[in-house]
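Here is how the chains run, residue by residue.
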Amino acid sequence: MPQYWPGVVNQMTLADDMSVILLKEDISTCITVRTFLLKPAEVTVKQVQLRTIPIHLGTKSCPSYPLIELKEKLDMHSVTGSNAPLIVQCMYVATDVCK
């Protein structure tokens, strides 16, 4: 899947007649939350991306449960009253990130 967003905060990518500017990026072990500004519409959009699911879930070396973390991030978006459209992208890749 091609990446449609800039790779660096405050960088811009052109997509047809629209500019995509990455305003903020919060990265955890398995999930990334990005905030974009789309121009010329001046619309802010949030993207929550589930990048990977560790193969050692629930062990002492990897206590994180990415799907629960994903739900918490989605809930936080609605609790904060954000009116920004939300994009959820899940790419299941089993990895050994907690070894």
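Once a new chain begins, its residue numbering starts again from 1 and follows that chain's sequence as written. Where local features are concerned, this predicted model is filtered to residues with pLDDT of at least 70; where side-chain atom pairs are given and counted, the filter is 80 or more; whole-chain, interface and lining totals use all residues. Hydrogens and water molecules were not included; the side-chain quantities draw on all heavy atoms of the structure.

*Asks:* Looking at this structure, I do not really get the pairing of strand β3 (residues 31-39). What am I missing?
*Replies:* Residues in a regular strand project their side chains so that they alternate between the two faces of the sheet. In this scheme, a residue with accessible area under 20% of its type's maximum is buried, one over 50% is exposed, and one in between is partly exposed, where area comes from a 1.4 Å probe on protein chains only. Under the scheme used here, helices are H or I runs from DSSP no shorter than 4 residues and strands are E runs no shorter than 2 residues, and both carry numbers assigned from the N terminus. The element β3 is largely enclosed, with a buried count of eight among its nine residues. The rule for pairing is simple: two strands pair if DSSP sees at least two bridges between them. The hairpin formed by strand β2 (residues 18-27) and β3 contains three residues between the paired strands. With eight bridges connecting them, β3 and strand β4 (residues 43-50) associate as antiparallel partners. Considered in β4, the bridge of I31 is made with L50. What sits between β3 and β4 in their antiparallel hairpin is a turn of three residues, with E42 showing a positive phi close to 60 degrees.

*Asks:* How do you make sense of the pattern of salt bridges when you look at a structure like this?
*Replies:* If the charged atoms of two oppositely charged side chains come close together, the side chains can form a pair. Only one rule defines a salt bridge in this text: a Lys or Arg side-chain nitrogen within 4 Å of an Asp or Glu carboxyl oxygen. Under the criterion given, the structure shown has two salt bridges. Between K24 and D26 there is a salt bridge whose closest N-O contact spans 3.8 Å. What makes K24 partly exposed here is its relative accessible area of 44%.

*Asks:* Looking at this structure, I do not really get the sheet that holds strand β1 (residues 12-15). What am I missing?
*Replies:* If you trace the five strands from one edge of the open sheet to the other, you get β1-β2-β3-β4-β6, paired in mixed fashion. Of all the strands in the sheet, the pair left with one neighbour each is β1 and β6 (86-90). Sheet twist, expressed as the average angle between the axes of neighbouring strands with direction ignored, equals 30 degrees. Sheet topology note: the β1/β2 ladder contains four bridges and is antiparallel. When the bridges of β2 are listed, A15 appears paired with M18. Throughout, an axis means a line fitted to C-alpha atoms (over the contacting stretch in the case of helices), and angles, computed between N-to-C directions, take values from 0 to 180 degrees.

*Asks:* Just to check I follow, could you spell out unusual backbone geometry for this structure?
*Replies:* If a residue is not glycine, its phi is most likely negative; likewise, a peptide bond is most likely trans. The omega torsion across K39 and P40 is 15 degrees, close enough to zero to call that bond cis. Mapped onto the elements of the fold, P40 is located in the loop between β3 and β4. Within the chain, N10 stands out as a residue other than glycine whose phi angle is a positive 70 degrees. Along the chain, N10 falls in the segment before β1. The phi dihedral of E42 is positive, around 60 degrees, even though this residue is not glycine.

Fair warning: the whole summary comes from geometry, so function is off the table for now.
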